[in-house]
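# Structural overview for review
So the chains spell out like this:
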There are 4 protein chains.
Amino acid sequence: MIIILKNNTSLEQQNNLIQWIENLGLTVHLSKGKFHTIIGLIGDTSCLDIDLISSLNIVDSVERVMDPFKLSNRKFHPEDTVIQIGNVKIGGGNFCMIAGPCSVETEKQILNIAKVVKNAGANMLRGGAFKPRTSPYDFQGLKETGIELLKIARSETGLPIVSELMNANDLPLFENIDVIQIGARNMQNFDLLREIGKLHKPILLKRGLANTIKELIMSAEYIMAGGNEQVILCERGIRTFSDYTRNTLDLAAIPMLHELSHLPVIVDPSHATGIARLVPPMAYAATACGADGLIIEVHNDPIHAFCDGAQSLKPEQYVELAQKIKQIRNVLQK
Amino acid sequence: MIIILKNNTSLEQQNNLIQWIENLGLTVHLSKGKFHTIIGLIGDTSCLDIDLISSLNIVDSVERVMDPFKLSNRKFHPEDTVIQIGNVKIGGGNFCMIAGPCSVETEKQILNIAKVVKNAGANMLRGGAFKPRTSPYDFQGLKETGIELLKIARSETGLPIVSELMNANDLPLFENIDVIQIGARNMQNFDLLREIGKLHKPILLKRGLANTIKELIMSAEYIMAGGNEQVILCERGIRTFSDYTRNTLDLAAIPMLHELSHLPVIVDPSHATGIARLVPPMAYAATACGADGLIIEVHNDPIHAFCDGAQSLKPEQYVELAQKIKQIRNVLQK
Amino acid sequence: MIIILKNNTSLEQQNNLIQWIENLGLTVHLSKGKFHTIIGLIGDTSCLDIDLISSLNIVDSVERVMDPFKLSNRKFHPEDTVIQIGNVKIGGGNFCMIAGPCSVETEKQILNIAKVVKNAGANMLRGGAFKPRTSPYDFQGLKETGIELLKIARSETGLPIVSELMNANDLPLFENIDVIQIGARNMQNFDLLREIGKLHKPILLKRGLANTIKELIMSAEYIMAGGNEQVILCERGIRTFSDYTRNTLDLAAIPMLHELSHLPVIVDPSHATGIARLVPPMAYAATACGADGLIIEVHNDPIHAFCDGAQSLKPEQYVELAQKIKQIRNVLQK
Amino acid sequence: MIIILKNNTSLEQQNNLIQWIENLGLTVHLSKGKFHTIIGLIGDTSCLDIDLISSLNIVDSVERVMDPFKLSNRKFHPEDTVIQIGNVKIGGGNFCMIAGPCSVETEKQILNIAKVVKNAGANMLRGGAFKPRTSPYDFQGLKETGIELLKIARSETGLPIVSELMNANDLPLFENIDVIQIGARNMQNFDLLREIGKLHKPILLKRGLANTIKELIMSAEYIMAGGNEQVILCERGIRTFSDYTRNTLDLAAIPMLHELSHLPVIVDPSHATGIARLVPPMAYAATACGADGLIIEVHNDPIHAFCDGAQSLKPEQYVELAQKIKQIRNVLQK
C-alpha cells in the first residue's frame, strides 16, 4: 500500500502516522520527493482500512498495490479454470449452453422443454424451483416439487441441471442438483456464500445489479475461501439510467473478468434485456467477445408461462440461435 | 390495467387477446378511439405478467393502474404509522436519533459510546455484531459476544438497541434486540424478509444500492404481508456514476416515500457518504426535507475503529449535530 | 394520448379538464371503467406538456401513444436508410469501417496511418482537428491545419474523411469534409444540430453519456427536421457506476435503435472502453449484434500520441480485427 | 505523478520508461520497495496522458498527485469568492434567491411574476428566452423578444436578471443581461465556455446530467482560464436508475464543491425533481447543507405555462418557502 502525504504535513504528524503503522506490525519505506512524500507499506496490509487512512487530514491519497482477492486471481493461477459437470466442461475453451424455462411449472412442461433444448444443442438444463420475486403476491416457485421435476427431466434427457438456491436451509433439497445458482440479489448474501463454500459442487454466481466486477470477484473469493473453487461467474446486466431494456448488459465485463480471474464467465441475455427478440443479438455479441457459455430462457409456450414469459425464446428460435453461436465460435477460434 | 393496441391490429388478433384475458377470469372493457383501441381490464390483475403483455406484437403499451403494494400504501392507510420502542416513538412527527459505532468491539468501547451518545441526545443505540463485508478476509463482527455487549450497554443506559441481522438462523440471538436492521445488501433477500415478517418486532429496512423506492416499498410489503407491520424505511444512498462520495444520497426519496407510504422514513448519512465531514451537512439536509430520524455512526476513537472509521463522528461532533437537528426541526414545525 | 384519472375525481373536476383540453383544439373520447376513467385525446397532442398533466392531482397517469419522433421513425419509413459517401455505403446491409487517430498530429502521421488502415480494410478515415477536452490546459487539436492534413490524406488514399465539428462557426472549414461528426458532449447542443440540419452532408451523431436512446433519436430528428436526412447514429458507451472501463458500452441499443429507427447505427469501442485491449472483443460483439459499422482509433505509435493513446490499436492489431469482423459478418448473413 | 510498476518489470523496461519520461523534460525519483517499485515524477506533468501510462503492460497503476484545476481550486484561494450583481451578493455567507418562470411568455406574465417573487423575497429574476428542448417540435423560447421582456421586468422591479445562453452568436443580445446561465447540456460545450470566459459578467454554470463534480470544476476552470473569474456553480440533479423524480439531486456535492473550490454553489430543485411538490423539501435540504442560493421556478399560472409547468411553484407557495429558508439559514449561522 502506498500513502501519499499532503505537502503541508509536519514532521511530527508524519512520524505519528509512521509509528501507528509500525505498531500494526508493518514495515514502512519512506520516499521524499520534491513535491510530495510517499510512505510505502510492506507486510500484510489486508487489515488496514483504506477509507480511514484516506480520510486523515494529512493524507492526499492512498493506493492499494495488491489486489484484495487471491484464490480467484489470475496472477496466482494463470491457466483458465475448467469446471466439469458430468460430460460438460466450462472454461478453458469449452462453451456451455444452459437453457430452460424461468420456472418449472409441470412435469409435462419441463420434460417437453428439456427434450427440445437438448435437441437444439443445449448441454445443461436450467429451471427455477425457488423464485425471488419483487412482490410477495407473485408466484414463488414450485419449491420441492420443482426440484423433483428437474430430476425427472435430467433422468429422461441426461442433461445436468442448474437451479437457484435462495436459502441455505434448503440445501438438503439441492443435494442432487448439479449446479447451484446464486441469483443477482444474493450476490452479497455473505452467509449464503459461506455455506455454499463448504460444498463440493459447482456454483453459478450472478453479478448483482449494482455491483462492480471487483465485488463479483470478491463474492467468488468468499466461496473459494471456504474450499469450493468451482465458481462460474455470470454477467446478467446492471442498473443504469437506460430504460429501454430491463438492465444494461455490460459485455466489456467479460474480457475484463477473464483478465483479472481464471474463473469461467457466462452471460444471461434473457434477464439482462427482459425482451425475447433482443436475446439472440445479445447472445451473439456475448459469444463474440469471449463468453464461456450462455444461460438462456426457453419456453414452449411463453404466453402461458408462469413468469418472465416476455423474455423466453420459443424452441425453434433457440435452435437457430444455437447454430449461429457455433459459427461465431468457429470464427473466434481460427 | 390498461392495454393500448397498435393501429394495425386485426379484429381477429384483438378478439384472441380478449378471449385469453377473459379465460383468466377478468372482465374486459373495450374502448375504440380514432387512433387507438384500448382494453381496460377489470378484476384482480395481480396474476398478469405486464412484461409479457407488453411484448405481444399487437400491443403498443400497457399501464398498471393500481399500485402493486397494499399494506404499506398510504392510499389505504392515510395516517402516519407511529412505531414505539420503549419510550421512543418514530413517525407521525416523532423523530428518532439512532447513534453508535459501526461494529461493537469491546465492552468498554460500546459502554463509552452509548453513554456519550445518550448525553448528546440520541434515543437509540446502534452497533453491528454481524457485519456484511465485501471481503472474506475482513473483520466479520463479534457475533454472539457483540449482541451480549449491546444488551449490557442497554441496561446501563436505557437506550433501546438496533443491530443488523444477516441470517434468519441467528434469530434466537436477536430475541432481546429492540429493532432488527436489514442491510442494503439483503433488502431483496426475500426468504429473510418472510422470516422477520413473522416477528412482533420493529424492523429497520435499508434501501438497496440499486433499488428503486417502489422496490423498497415492495420489500416492506413482504414483511407486512407476514403480519409484522412495524417497518421503518431507511434511505442510505444509491450507486451512481458520481464517485466523490461512496454512494449518492437520494434525499428526494424521503418526501416521495412519505407520499406513497404511511411508514416512517429515516436516513443514514454515514454509509451514504462514507466521509465523516459530510455527515453533519447531510444530516441537516435529511432533517430539513422531512426525515423521521437519523442513524449515524459515532465512535470515540475513529482512527482505531475495526471498520468504517472514516465515516464515524467523534462524540463532540455528534453533540453539535444533535443541537442543530433540534433547531431545524423547530423551524419545520412552525 | 391517454389520461387515466384517479378514482376520487369529481365530475366537475373531470369536466374542467375536458374543457381545458378541448380549448386546445383536441377532441376527447371518454371511457368510464369500473375502477377508472380514461380520457383519450384525439388530434395533434405534440403541444401538450405530458409532465404537467401528470402532475395534476386528479390524474393517475398519462401515456403518450404516439412516438414524438416522425422523420427518424421506422414506422413511417420501414426500409433501412442507406447513406452513401463516395463509394462507401452505410446501412441496409452495408458495413463501414472507419479508422484513424484520435487527433491529427502531423502530415507524416496522418498519411502513414491512412495508408495502413486502408490496407487493413478500412473504408473511411477519422481524425480529430478540433478536440473537446475536459481540461482547458490539454491539447485542443490542430484545427485548420488538421483539416488540411486530412484532405491531403484523402487525396493520397481515396478514403473519405470524418472529423468532429464543435462550433457552427467553423462550418466553412468543413465544406470539403465528407462526414461531420457531432460528439457525445454536443448531442444536445440543439443550436449546432439545427445548423447541420441545413447541410447536404452525412452526419455521424454520437450518443451522449447520459442520454437515452429515445433522446438520441430526438437529436437525429432535430437534424432531419432541418432537411438533412443523412444521419448515422453512434453508440459509444454511457456513464454508469461500473468503473473498470471508461464507460459502459450499451450494445442492446443497437438492435433497439434498428427497431425504432431506419437510420444506420455504428459503434465506437475505443471511446466506450478507453482500453486498447478491450477494443477487439467489443468490436466483435458490436458486429455480432448487428452494427452497421465501427469507428476505431488506430495509431502507428500509440505511446507518443497526443491524446487517447491508451485506447488506440496498433496497425497490425487493426489488420487482425478487420479480418475477424469480416468473418463474423459472413456468419450473420448466412 | 506517481507510477507504480508491476513486480515482474525488467530493469531494461524500467530504464526505457524512465528515459522516455526524462525526454519529456521531467525529473524522476525512483523508490524501490520490497514488493514494488515507484517512480515519482517531478515537473509539469499536465502534458502526460495518465490513461496511456496506465495502459503500459509494466505499469500497475498511476496516481496524479496534483489536482488538474488551479484557478478554481480552494488550495490556492482559501477564501470564498463573493460575486456581486447590483446589490446582490452570492457566496461567502451571502445567499441568493433566484426565481421566475421557466420561459418568458408575455410582458404581463413576466411582470406579474417578477413583482410577486420580489415581494416574496427573491433578489434575482430568472426567465428563459432561448430554451433547449429535447424535441425540435417543442416551443423553443421567445428569443430576442424574451430578452427584451426580461429587461422591462428588471426596470420595473430592480431585480437583476438571469437567462440561459445556448449559442455564442447570441452574445450581443445578452449584453445587458446580469447573469448568463449555461445549461446542463452545454456544461461541456467547450467553445461556448471559452467565449464566455472573455466576458466580464457572472456566469451561472449548471452541472451536466452525467458529469462528476470534478468535471464541473474543470468547466469552471475553462471560463476562468479566459479571464472571467465570476462563476457560480449549480447542482441540478444527475441521471441515475432512480425514476420517481426526473433526476437525482446530489446534495452531498454542495459541501464537497465548497471543499474543493472557492466558488459559490447554488441548487436548482425545480429541474432536479421535475415535481412542484418536491421543490420545497429539496430547497430546505439544499439550504441546510450549505448552498449559497436557490434557483426556483415560479409561475402565476402553472397549468397554462408554455413549458415545465409541472415543476413550477405558485407565488403563494414561494412566499412560504422563502420564509422557511430564512429560518433555516438562521439556525445554520448560529
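Residues numbered from 1 in each chain as written. Chains lettered and ligands numbered in written order. Predicted model: local features only at pLDDT ≥ 70, side-chain atom pairs only at ≥ 80, totals over all residues. Heavy atoms only, no water.

## Side note on the relation of the copies chain A and chain B
- You can overlay chain A on chain B at an RMSD of 0.1 Å; the transform is a turn of 180 degrees with a shift of 0.0 Å along its axis. Expressed as an axis order, the relation between the two copies is that of a two-fold axis. Judged by C-alpha distance, A210 of chain A is the residue of chain A that lies nearest the rotation axis, at 2.6 Å.
- The share of interface residues of chain A whose copies in chain B are also at the interface is 100%, consistent with both copies meeting through the same surface. (Least-squares fit on C-alpha atoms with pLDDT ≥ 70 in both. Contact = heavy atoms within 4.5 Å.)

## Section: the interface of chain D and chain C
- Listed as interface residues are 46 residues of chain D and, on the opposing side, 46 residues of chain C.
- For the pair chain D and chain C, the summed buried area comes to about 3,900 Å², and 52% of that belongs to carbon and sulfur atoms.
- In this structure, the connection of chain D to chain C is made through two salt bridges.
- For the pair chain D and chain C, the number of links is 19 residue pairs in polar contact (both at pLDDT 80 or more).
- Elements supplying a minimum of two residues to the side of chain D that touches chain C: α2 (50-55), α5 (190-196) and α6 (213-225) of chain D.
- Sort the elements by how many residues they give to the side of chain D that touches chain C and α6 of chain D lands first, with five residues. (Buried area = accessible area lost by both parts, 1.4 Å probe. Salt bridge = Lys/Arg side-chain N within 4 Å of Asp/Glu carboxyl O. Polar contact = N/O pair within 3.5 Å; in protein donor to acceptor, adjacent residues only side chain to side chain. Helix = DSSP H or I, 4+ residues; strand = E, 2+ residues; numbered from the N terminus.)

## Details of helix α9 (residues 279-288) of chain A
All names here are of chain A.
- Taking burial as the measure, the ten residues of α9 include ten buried ones, the bulk of the element.
- Those residues of α9 that sit buried are V279, P280, P281, M282, A283, Y284, A285, A286, T287 and A288.
- Residue G290 follows α9 closely and has a positive phi angle near 105 degrees. (Buried < 20%, exposed > 50% of the residue type's maximum accessible area, 1.4 Å probe, protein only.)

## Quick look at the packing of aromatic side chains
- Within the structure shown, the criterion is met by eight aromatic pairs over all chains.
- Seen from their ring centres, F190 of chain A and Y222 of chain A are 4.6 Å apart, and the 20 degrees between their planes marks the pair as stacked. One end of the pair, F190 of chain A, is in helix α5 (residues 190-196); the other, Y222 of chain A, is in helix α6 (residues 213-225), and 32 residues separate them in sequence. An identical accessibility class is assigned to F190 of chain A and Y222 of chain A; each is buried.
- In this structure, K70 of chain D is placed above the aromatic ring of Y137 of chain C, and the distance from its NZ or CZ to the ring centre is 5.7 Å. (Phe/Tyr/Trp six-rings, centres within 6.5 Å; stacked < 30°, edge-to-face > 60°. Lys NZ or Arg CZ within 6 Å of the ring centre and 35° of its normal.)

## Observations regarding the domain arrangement of chain A
- You can read the domains of chain A as domain 1 (2-63) and domain 2 (83-332).
- Each of domain 1 of chain A and domain 2 of chain A has a C-alpha centre, and the two are 44 Å apart. (Domains from an automatic or database assignment.)

## Some points on the interface of chain A and chain B
- Between chain A and chain B, the residue contacts involve 47 residues of the former and 47 residues of the latter.
- Across the chain A/chain B interface, buried area totals approximately 3,900 Å², and carbon plus sulfur atoms make up 52% of it.
- The tally of links between chain A and chain B comes to two salt bridges.
- Put simply, R239 of chain B and E215 of chain A hold a salt bridge, and the shortest N to O gap is 2.6 Å.
- Linking chain A with chain B are 19 residue pairs in polar contact (both at pLDDT 80 or more).
- Of all elements in the fold, only α2 (50-55), α5 and α6 of chain A reach the threshold of two or more residues within the side of chain A that touches chain B.
- At five residues, α6 of chain A tops the list of elements feeding residues into the side of chain A that touches chain B.
- Class assignment of the residues belonging to the side of chain A that touches chain B gives a composition of 19 nonpolar, 14 polar and 14 charged. (Nonpolar A, V, L, I, M, F, W, Y, C, P; charged D, E, K, R; others polar.)

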